[in-house]
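A closer look at the structure
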Amino acid sequence: MAEIARVTPSYKLANRAKIIRSNQTKPLRHAYFREYRKLQELCLMILNREKHGLGYQEQKIHGILFDVVCLWEEDVYTLLPKNFIHPRNKNKTDGISVFSNRERKVFPDFYSGLK
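About the criteria used
- Residues numbered from 1 in each chain as written.
- Predicted model: local features only at pLDDT ≥ 70, side-chain atom pairs only at ≥ 80, totals over all residues.
- Heavy atoms only, no water.
- Helix = DSSP H or I, 4+ residues; strand = E, 2+ residues; numbered from the N terminus.
- Buried < 20%, exposed > 50% of the residue type's maximum accessible area, 1.4 Å probe, protein only.
- Contact = heavy atoms within 4.5 Å.
- Phe/Tyr/Trp six-rings, centres within 6.5 Å; stacked < 30°, edge-to-face > 60°.
- Salt bridge = Lys/Arg side-chain N within 4 Å of Asp/Glu carboxyl O.

Turning next to the overall build of the protein chain. Within the protein chain, the secondary structure is distributed over four helices and two strands. Counting helices and strands in the order they occur from the N terminus, the protein chain gives α-α-α-α-β-β. When burial is assessed residue by residue, the protein chain has 13% of its 115 residues classed as buried. Considering only intrachain contacts with a sequence separation of at least 6, the fraction spanning at least 24 residues in the protein chain is 34%.

In structure tokens form, the structure reads like this:
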């Protein structure tokens, strides 16, 4: 936990408590995310500073693999010119309509706001 806080400049203890509470009260249940449930449990154990207890006790864990695509996109966004827009797919904001009926929106990673 100390290492996560050290290498994350935006780390805030209050955010950690909020994230833990949110993930404990609303664990992943959708079938699409079934494989991520164990990862969610492991992350909660790390954030709560609990011992893992996963797998056989004689097995050693040598690392953890994280999918950091969201962090990568946020970092890339800081490098793009100011006219680029970074849609929020999960929040359904800033999408663009590429269809003539304008009913359905798509959410690319980035697009230029210039017309």
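Following the criterion strictly, the structure yields one aromatic pair and no others. Between Tyr-77 and Phe-110 the ring centres are 6.2 Å apart and the planes differ by 15 degrees, which places this aromatic pair in the stacked class. Taken together, the residues span a long stretch of sequence, with Tyr-77 in helix 4 (residues 69–79) and Phe-110 in the loop between strand 1 (84–85) and strand 2 (111–112) at a distance of 33 residues. By relative accessible area, Tyr-77 is classed as partly exposed at 30%.

A separate point is the pattern of salt bridges. Two side chains bearing opposite charge may form a pair once their charged atoms approach each other closely. Counted by the stated rule, this structure contains one salt bridge. Put simply, Arg-37 and Glu-41 hold a salt bridge, and the shortest N to O gap is 3.6 Å. With Arg-37 and Glu-41 both in helix 3 (residues 37–47) and four residues apart, the pair spans about one turn of that helix. For Arg-37, a relative accessible area of 27% corresponds to the partly exposed category.

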